[in-house]
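# Summary of the model geometry
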8 protein chains.
Amino acid sequence: MDIPAVTLDHDRTRRCGFPEAIFGEGKSLATLRGIIAEQLARGDEVLVTRVCAETAAALCAELPELRHTELARTLRASPQNATRKTVGKVVIVTAGTTDLPVAEEARETLEWMGVATTMVHDVGVAGPHRLPARLAEFAGADAVVVVAGMEGALPSVVGGYLPCPIIGVPTSVGYGANFGGLSALLSMLNSCAANVAVVNIDAGFKAGYMAGLIATRSGR
Amino acid sequence: MDIPAVTLDHDRTRRCGFPEAIFGEGKSLATLRGIIAEQLARGDEVLVTRVCAETAAALCAELPELRHTELARTLRASPQNATRKTVGKVVIVTAGTTDLPVAEEARETLEWMGVATTMVHDVGVAGPHRLPARLAEFAGADAVVVVAGMEGALPSVVGGYLPCPIIGVPTSVGYGANFGGLSALLSMLNSCAANVAVVNIDAGFKAGYMAGLIATRSGR
Amino acid sequence: MDIPAVTLDHDRTRRCGFPEAIFGEGKSLATLRGIIAEQLARGDEVLVTRVCAETAAALCAELPELRHTELARTLRASPQNATRKTVGKVVIVTAGTTDLPVAEEARETLEWMGVATTMVHDVGVAGPHRLPARLAEFAGADAVVVVAGMEGALPSVVGGYLPCPIIGVPTSVGYGANFGGLSALLSMLNSCAANVAVVNIDAGFKAGYMAGLIATRSGR
Amino acid sequence: MDIPAVTLDHDRTRRCGFPEAIFGEGKSLATLRGIIAEQLARGDEVLVTRVCAETAAALCAELPELRHTELARTLRASPQNATRKTVGKVVIVTAGTTDLPVAEEARETLEWMGVATTMVHDVGVAGPHRLPARLAEFAGADAVVVVAGMEGALPSVVGGYLPCPIIGVPTSVGYGANFGGLSALLSMLNSCAANVAVVNIDAGFKAGYMAGLIATRSGR
Amino acid sequence: MDIPAVTLDHDRTRRCGFPEAIFGEGKSLATLRGIIAEQLARGDEVLVTRVCAETAAALCAELPELRHTELARTLRASPQNATRKTVGKVVIVTAGTTDLPVAEEARETLEWMGVATTMVHDVGVAGPHRLPARLAEFAGADAVVVVAGMEGALPSVVGGYLPCPIIGVPTSVGYGANFGGLSALLSMLNSCAANVAVVNIDAGFKAGYMAGLIATRSGR
Amino acid sequence: MDIPAVTLDHDRTRRCGFPEAIFGEGKSLATLRGIIAEQLARGDEVLVTRVCAETAAALCAELPELRHTELARTLRASPQNATRKTVGKVVIVTAGTTDLPVAEEARETLEWMGVATTMVHDVGVAGPHRLPARLAEFAGADAVVVVAGMEGALPSVVGGYLPCPIIGVPTSVGYGANFGGLSALLSMLNSCAANVAVVNIDAGFKAGYMAGLIATRSGR
Amino acid sequence: MDIPAVTLDHDRTRRCGFPEAIFGEGKSLATLRGIIAEQLARGDEVLVTRVCAETAAALCAELPELRHTELARTLRASPQNATRKTVGKVVIVTAGTTDLPVAEEARETLEWMGVATTMVHDVGVAGPHRLPARLAEFAGADAVVVVAGMEGALPSVVGGYLPCPIIGVPTSVGYGANFGGLSALLSMLNSCAANVAVVNIDAGFKAGYMAGLIATRSGR
Amino acid sequence: MDIPAVTLDHDRTRRCGFPEAIFGEGKSLATLRGIIAEQLARGDEVLVTRVCAETAAALCAELPELRHTELARTLRASPQNATRKTVGKVVIVTAGTTDLPVAEEARETLEWMGVATTMVHDVGVAGPHRLPARLAEFAGADAVVVVAGMEGALPSVVGGYLPCPIIGVPTSVGYGANFGGLSALLSMLNSCAANVAVVNIDAGFKAGYMAGLIATRSGR
């Protein structure tokens, strides 16, 4: 199958363990339809991220096996007869309720990878007693994804409590001197906790993928 | 007394409650000597900030009533026969040991204002159990000065535990994407804690002065 | 009552003296309705900030005790039989008429806290005789909130005239090299007046809350 | 005379009314000596700016007609038998004493152009009564140069009091979120006073030259 | 007449030679109507800048003496029986045709001040023979306003050809690394031509006002 | 023919080898119509860039010789009886499918210049085997245009494989810390490959023009 | 043992699996001596990072069990009778030879954690055949640390070839538009490879620590 | 020969037409000595850039065939019996005398490539008659390197006069709002001249190399 101006990375599952996830933003309906069909034909699990509501609806109307998660802006589909057992454990933490869409993108990504997830919501640092009250839910986590906007302080605090790798995702949630997520990004990069690495602003997919790689390796 | 290119604000004590503090950076020895002598002659308490070690030594040699605090880079002197009782309570908190010089500048400022201070050091968020263990020391505080570099998360956490106004001082402590204190500054400005206001990077004097104003008013 | 993805900070009134104010931006109608109902049931004064006009109208239709202030983008409600006397005095100053919405958010916040307010409008530095003409209105102020965009110079001037703490709120009013409020923000952070601290760009709520904390403490 | 890698603008006095001023930074002793000698031979008034102390001393030893002003970092010389009467009036204002070197560079430039100058020092906005007390000294000014670091608010205030053009010079005086003069630069560019234009950070020469052009034209 | 939240600067004409120009952005129809009526009643020339098309149409329908210049986004009106002769000469130069709106705002401002203007359009540096071909039109100019986006090089070149003060106005015209006018702004601030001062990005009013002040003073 | 506020550079074909390309953004329909007509009357090849869909449709309806390429946002027309043979070879490379519009603008520009082009799409560095597999298509290239957003790494890699000049075009494709193309721009400017020069973000026309100049000169 | 202004995190080994590493920059000799002695007394492995040469020499003279690695700027010491077997495998890759110090800091950190390391040096993207030639050395890696300055493109390419998590460390190596490591930082954050997370500029310790956490977990 | 931590790109001359140039900054004396010896042994022309004076002197003392150009900070050496004829023509233009070191690095690079050069110095835009007076020296140029700091306007003007490709090199020459070369860099990227591409700030080598590639291809 030949999709104009697209060079699919057919070798990725063998090389990297997972097929290519499709970045939906800026891709035409025709291009997305072609890539999804090709991946399903090859027996790959499909994940499309950052797909707008209109495009998602149009694709779901054509391909009934697609499932759209509106909050996460994702589309997913499994090839026929696919069965996978779930491995590992990743906890996804949000500082506030407005960080939910990015957290959901991470969760969708981890489910696509076959990794079990636990969600801990709305435990930002301004209510500092909320996180310690829920530490039991982190037991046995292979990695933690922390999603936070504004001052982006939560990954440092989570990192201080836990021994496992933390993936910080700054979000563009906030206003004024937030500068589109810059404040949370710089905070996480300068975290005094040694076990915090960072991905791009609002990059729920990438955070989920990194955490998923760690969890699936731990579970070998 | 006339000091070239200087227009002293003689009216400030009456108008603002405290005499003018002298910003030492970039002022010549002669200028500083003139201002200090004039303030002492008028019966003012003297505070010079950001004075370099050489200038401080030269001034102390001439004016034995001056006391130099090297870590804080301050000079202070009291007019003869001055007696003041101490009022209020301000707690000064540091995230790490490298934040000490800025904290000391705040402490010197508060002592110059006649406000009692308590120091709580090295309780940054990466060791999150350290701050709760010391909350008793904050009892009765009129205001808290929080000094932090790197990700600058500590004011949010302190603000979450306490009911009083918090003055955050970002420091230039850190490296890389710290960008000279920018990351801590943006963090504090974007704090999700409602009781946090911010002063300039490394501005120990200003933080101390703001906290001191609050404490002396509370104590009226 | 359980609201999805929300971890309410029920303990805040005891810990901080005031209940949690609700940041309305990005929260769904259902989430806001749930939180407001829960706060009213617990006997808390309710303040919602940054609520859009549509959401405000919908909530007011359902909960008649809500009062919407359009310019301030706030919703407020009091629990039944609530009576509070007003304490303290905070003056809110604007540089220009386009700074009004942020000033109104500060005023709503202070009223929610039970603090008396005085408004002094349109006294920016380019008409330098306007502020001195109104200094009498500042007599006895516990704190002053100064709201200014463009060059953000007004807090320094107000700070020079008055002995009390000044909370500067930079606004995103302006164009060109204003860069969304950055110029006013940097001005206020670099203020040569010692009694000026700063909150985030357009952060009327935070400025009001800080000033209110100072005023209610002074009035103890 | 031929100076390597230099293309002198011999036509400038006829075209622009004044000879070329020499930017001293980064020019070798030999290059500076060559340019100065050529200008004096042509009967031009000489002004060298931003010359370091060592180079200035070496050039003064060779060319006794040169006068070095250390604070301004300038060198000046007049051709033999030059007589000029002074025209116009420019007032140079500083916010603080550390702004002096830039103000002195402006003054040297104006004297080189034959324009009379008045200095008003240390009248920054944090002592807001200082400027009004000295307004009489501005009477009849053709233009005003305002030199200010930190929050750079002074040009707006001066512009509000006076009818003539104001040239603002932001200085790199300050620390922290001053970012090398950026805060004062943005303030002046966003001034709400209509009669304020701005030159580069620390550009005393350029401010003096602009003001001098206005003053010499007014005096035609 | 009392307009809510507005403190009119009634004294400005006496103090500064011209009445207050009204910044239209963000002001309500009622506020603008009130200010215009008051100014006309006092016998002032009226200039409103940055007024949107809808507001302009509504005001013109009510006040037939208002004239709307759509490209410049200005409104103007003269008090009855006003007669003014035109003085001085200001040349307004644009680099490209997309710089026209800002140039027109400058022209409207100068006409409001009673200063004669000459327009020289589309002579940017990439067609370097265009400007020299039109130098005759600059003869006798008191000041020149240069409006340029993209690399903002034109003020330097104009400044090199002419002896009078140049006011550079960077525009937000461009794309990519233009960053909303930042590239043109920095270019003009760093101009190697000594006779260039700068105003805010897109600030046609301010550039016109500065040039007008110079022209009216020259013509005294 | 006289178009208001436009100074056409009639001499450019003689001076530079190609007529002026027309930047369509911000130009009115009347202005564009006038310029196109004039160029066709003079026998020039016409290229309009960054023209919006509505304007393009309106112009095509009036001037049937215009051809609109929607993806590239260009309009082109040849004078009657024009015949040109194609010279040289430029390869245009994209990192991802969302870089296509900028690549198409470069291709349109090269065709307007009469230069042959080869397109190599979607060979970004995250699938590192894709580029080497297609190196044969670069044989004999005079220059290569590389269009890439996100981390902008592709020009360095292409530059490492090939001996010819590479023109890097950063695109604004991406999100978060991409900051509108800044990350790709800085990457390309800091390329460790010696044969990479850079044009503005999204500047497909400029990259095509530079590569076309190199190719037409090589083919002399 | 009580060290002034230091609150040691004694519980960290139990909580996080490794003792606290000591950030040497800005700590006095006395403070460092105290912390090291206390850690050795408690039986902890010691790692000091960013220690200057003078301080390192002084400490080694007092504590002979300390080993100083000059290029990495680290000090290490093991408690008496410590024996640890090495686990896992982390590959550390550099783009150029000037990235060595940061890579060495990562290597020291991993050795302190007891993780085996492999070094692959000087395989930056401008010599694109160098990395593929050495892919065999990555076999079985649990994680890869990629250290790169300038355009910071190497993590994307490494990430494209390998299935394991990649930790990118931007370095401040470069000049001009590198802006102290900003260009490499933004590149890595915008990497189109899904398996790349990022730490602070020059943060060799943090990259090593994250990779070590992944490797030790994989090896459980 | 094996140099620690160095992976030499032995294949580059065959692949790219020229051997690898050596970036001297941050490389040890031993590393540089090893690379130079290896290149000479292989019969390559040697170019080392950004070498400090001490290292250059030490290497010249050991390897007498090395020639050091202090202003350009380069070292060069030819293998024994090397003879090359010069091809093409590149003109190198500077805006001011302080741009010389970067221009010299470009000239050294072009000589190393065997390309003839012409230097045109000190023709910046503030003396706009200087460049046209020297246009004859550009006749027949294959490419032009334009080196400029401050406002970086010169490439646009040169590009407007000439038909060949222009490589702009922004320099860090300037002060204040120059921000280390940022203003010149943004100017050149936003050049309205279509034939201007840009390299990194102060990147004389890269500009020379790009121009040399164009010149040697034109001369085929």
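What you see is a predicted model, and the numbers here were worked out from it, not measured in a lab.

## Details of the overall build of chain A
Secondary structure assignment for chain A yields seven helices and nine strands. Rg of the C-alpha trace for chain A: 18 Å, near the compact-globule value of 17 Å for 220 residues, within the 12% margin. The buried share of chain A, reckoned over its 220 residues, is 66%. Within chain A, counting contacts between residues at least 6 apart in sequence, those at least 24 apart form 68% of the total. In the form shown here, chain A has an accessible surface area of approximately 7000 Å², with 53% of it arising from carbon and sulfur atoms. Counting 19 positive and 22 negative side-chain charges, chain A places the averaged centre of each group 6 Å from the other.

## Points about the relation of the copies chain G and chain A
Overlaying chain G on chain A yields an RMSD of 0.0 Å, the required transformation being a rotation through 180° with an accompanying axial translation of 0.0 Å. Read as a symmetry element, the transformation amounts to a two-fold axis. Closest to the rotation axis within chain G is the C-alpha of G:Ser218, separated from it by 2.2 Å. In this assembly, 100% of the residues forming the interface of chain G have copies in chain A that are likewise at the interface, indicating an isologous arrangement.

## A word on the sheet that holds strand E3 (residues 67-69) of chain B
Residue and element names in this part refer to chain B. Strand order in this open sheet of four strands is E1-E2-E4-E3, and the pairing throughout is mixed. Because the sheet does not close on itself, it has two edges, and the strands there are strand E1 (22-23) and E3. Sheet analysis places E1 next to strand E2 (residues 46-49), joined by two bridges and oriented parallel. Pairing of Phe23 across the sheet is with Thr49, part of E2. Against the sheet, helix H2 (residues 29-41) makes contact with E1, E2 and strand E4 (74-77), and its axis sits at roughly 155° relative to E2, the strand it touches most.

## Section: the side chain of H:Thr171
Residue and element names in this part refer to chain H. Structurally, Thr171 can be placed in the loop between strand E8 (166-170) and helix H6 (182-189). The class of Thr171 is buried, set by a relative accessible area of 1%. One polar contact links Thr171 to Asp99, side chain to side chain, over a distance of 2.8 Å. Setting aside residues no more than four positions away along its own chain, Thr171 makes contact with Asp99, Val102, Val147, Ala148, Gly149, Asn178, Gly181, Ala184, Ile201 and Asp202.

## Some words on the layout of surface pockets
Any empty space left between atoms is shown by rolling a water-sized probe over those atoms. In this model, the largest pocket occupies a volume close to 1500 Å³. Together, 36 residues line the largest pocket, and A:Leu182, E:Leu182, F:Leu182, G:Leu182 and H:Leu182 are the ones closest to its centre. Of all the secondary-structure elements, those providing two or more residues to the lining of the largest pocket are helix H6 (182-189) of chain A, helix H6 (182-189) of chain B, helix H6 (182-189) of chain C, helix H6 (182-189) of chain D, helix H6 (182-189) of chain E, helix H6 (182-189) of chain F, helix H6 (182-189) of chain G together with H6 of chain H. Of the residues assigned to the lining of the largest pocket, the class counts are 35 nonpolar, one polar and no charged.

## Concerning the interface of chain H and chain G
The interface of chain H with chain G comprises 19 residues on the first partner and 18 residues on the second. Here chain H packs against chain G, burying approximately 1400 Å² in sum over the two surfaces, 60% of which is carbon and sulfur. In this structure, the connection of chain H to chain G is made through two residue pairs in polar contact (both at pLDDT 80 or more). Along the lines of polarity and charge, the residues of the side of chain H that touches chain G split into eight nonpolar, three polar and eight charged.

## Quick look at the sheet that holds strand E3 (residues 67-69) of chain G
Residues and elements named next belong to chain G. Spatially, E1-E2-E4-E3 is the arrangement adopted by the four strands of the open sheet, whose pairing is mixed. Because the sheet does not close on itself, it has two edges, and the strands there are strand E1 (22-23) and E3. With three bridges joining them, strand E2 (residues 46-49) and strand E4 (residues 74-77) adopt antiparallel strand pairing. Among the inter-strand pairings, Val48 is bridged to a residue of E4, identified as Leu75. Where helix H2 (residues 29-41) meets the sheet, its contacts fall on E1, E2 and E4, and the angle it forms with E2 comes to roughly 155°.

## Quick look at unusual backbone geometry
Although it is not a glycine, A:Arg73 adopts a positive phi angle of roughly 60°. Checked against the element boundaries, A:Arg73 lands in the loop between strand E3 (67-69) and strand E4 (74-77). A:Arg73 gets classed as partly exposed once you look at its relative accessible area, which sits at 36%. A positive phi angle, near 65°, is found at C:Asp202, a position not held by glycine. By secondary structure assignment, the location of C:Asp202 is in the loop between strand E9 (196-198) and helix H7 (204-218).

## Quick notes on the pairing of strand E5 (residues 87-94) of chain B
All names here are of chain B. Relative to strand E6 (residues 115-120), E5 is paired through six bridges, and the arrangement is parallel. Bridge pairing links Lys89 to Ala116 in E6. After leaving E5, the chain enters helix H4 (residues 100-113) and then returns to the sheet as E6, a path that is right-handed. The pairing of E5 with strand E7 (residues 143-148) spans five bridges and is parallel. Its bridge partner lying in E7, Ile92 is registered against Val145.

## Things to note about the domain arrangement of chain A
Residues and elements named next belong to chain A. Here chain A is described as being made up of domain 1 (12-77) and domain 2 (87-219). For domain 1 versus domain 2, the distance between C-alpha centres works out to 25 Å. The interface of domain 1 with domain 2 comprises 14 residues on the first partner and 15 residues on the second. Summing both partners gives a buried area of about 1300 Å² for domain 1 against domain 2, and 63% of it is carried by carbon and sulfur. Three residues, Phe18, Leu71 and Arg76, lead the burial of domain 1 against domain 2; their summed loss comes to 44% of the area buried on that side. On the surface where domain 1 and domain 2 come into contact, there are two salt bridges. Between Arg76 and Glu111 there is a salt bridge, with its nearest N and O atoms 3.4 Å apart. Applying the counting rule to domain 1 against domain 2 returns five residue pairs in polar contact (both at pLDDT 80 or more). If you list the elements that add at least two residues to the side of domain 1 that touches domain 2, you get strand E2 (46-49) and E4. For the side of domain 1 that touches domain 2, the leading source of residues is E2, giving three residues.

## Here we look at the packing of helix H4 (residues 100-113) of chain F against helix H7 (residues 204-218) of chain F
All names here are of chain F. Axis separation between H4 and H7 bottoms out at 7 Å; the angle between their running directions is 40°. Between H4 and H7, the interaxial angle falls into the category oblique. Helix-helix and strand crossings are classified by hand; for H4 and H7 the assignment is right-handed. Contacts between H4 and H7 involve Val102, Glu105, Ala106, Thr109, Leu110, Trp112 and Met113 on the former and, on the latter, Gly204, Phe205, Gly208, Tyr209, Ala211, Gly212 and Leu213. Among the residues making up the contact of H4 with H7, the classes are represented as nine nonpolar, four polar and one charged.

## Here's the deal with the arrangement of the chains
Chain B shows no contact with chain F. Their nearest C-alpha atoms sit 13 Å apart. Looking at chain C next to chain H, you find no contact at all, with the nearest C-alpha pair sitting 13 Å apart.

## Topic: helix H3 (residues 53-62) of chain E
Residues and elements named next belong to chain E. Among the residues of H3, Thr55, Ala56 and Leu59 are the ones counted as buried. For H3, the buried positions fall inside an angular range of 100° around the axis, keeping them on one side. Among the exposed residues of H3, those pointing more than 90 degrees away from its buried face are Glu54 and Ala61.

## Observations regarding the interface of chain G and chain A
The interface of chain G with chain A comprises 34 residues on the first partner and 35 residues on the second. Both sides of the chain G and chain A interface together cover about 2800 Å² of buried area, and 57% of this is carbon and sulfur. At the boundary of chain G with chain A, the tally comes to two salt bridges. The closest approach of N and O atoms between G:Arg217 and A:Asp142, which form a salt bridge, is 4.0 Å. Across the contact surface, chain G and chain A share nine residue pairs in polar contact (both at pLDDT 80 or more). Breaking the side of chain G that touches chain A down by element, the ones donating at least two residues are helix H1 (12-16), helix H5 (154-161), strand E8 (166-170), H6, strand E9 (196-198) and helix H7 (204-218) of chain G. Of the residues forming the side of chain G that touches chain A, the biggest block, eight residues, is contributed by H7(G). Its residues placed into classes, the side of chain G that touches chain A shows 23 nonpolar, six polar and five charged.

## Section: the pattern of salt bridges
Oppositely charged side chains are able to pair whenever their charged atoms sit close together. All told, the structure shown has 75 salt bridges over all chains when counted by the stated rule. Here B:Glu62 makes a salt bridge to B:Arg33, at a shortest N to O gap of 2.6 Å. One end of the pair, B:Glu62, is in helix H3 (residues 53-62); the other, B:Arg33, is in helix H2, and 29 residues separate them in sequence. Put simply, F:Glu108 and F:Arg76 hold a salt bridge, and the shortest N to O gap is 3.6 Å. Linking F:Glu108 in helix H4 with F:Arg76 in strand E4 (residues 74-77), this pair joins segments that are 32 residues apart in sequence. When salt bridges with common partners are traced through the structure, they connect A:Arg76, A:Glu104, A:Arg107, A:Glu108 and A:Glu111 into a single cluster.

Calculation criteria
Residues numbered from 1 in each chain as written. Chains lettered and ligands numbered in written order. Predicted model: local features only at pLDDT ≥ 70, side-chain atom pairs only at ≥ 80, totals over all residues. Heavy atoms only, no water. Helix = DSSP H or I, 4+ residues; strand = E, 2+ residues; numbered from the N terminus. Rg over C-alpha atoms; globule rule 2.2 N^0.38 Å. Buried < 20%, exposed > 50% of the residue type's maximum accessible area, 1.4 Å probe, protein only. Contact = heavy atoms within 4.5 Å. Areas by Shrake-Rupley, 256 points an atom, 1.4 Å probe, with all protein chains shown as cover. Lys, Arg positive; Asp, Glu negative; His and termini not counted. Charge placed at Lys NZ, Arg CZ, Asp CG, Glu CD. Least-squares fit on C-alpha atoms with pLDDT ≥ 70 in both. Pairing = 2+ DSSP bridges. Axes fitted to C-alpha atoms, helices over the stretch in contact; angles between N-to-C directions. Polar contact = N/O pair within 3.5 Å; in protein donor to acceptor, adjacent residues only side chain to side chain. 1 Å grid on protein atoms, 1.4 Å probe; cavity = no way out; pocket = protein on both sides within 12 Å on 5 of 7 lines; lining within 4 Å. Points joined across faces, edges and corners; volume = space filled by probe spheres on them. Nonpolar A, V, L, I, M, F, W, Y, C, P; charged D, E, K, R; others polar. Buried area = accessible area lost by both parts, 1.4 Å probe. Right-handed = clockwise from strand over helix to strand, strands pointing away. Domains from an automatic or database assignment. Salt bridge = Lys/Arg side-chain N within 4 Å of Asp/Glu carboxyl O. Parallel < 35°, antiparallel > 145°, perpendicular 65-115°, else oblique. Left-handed = near helix turned anticlockwise from the far one by under 90°. Arc of directions from axis to C-beta.

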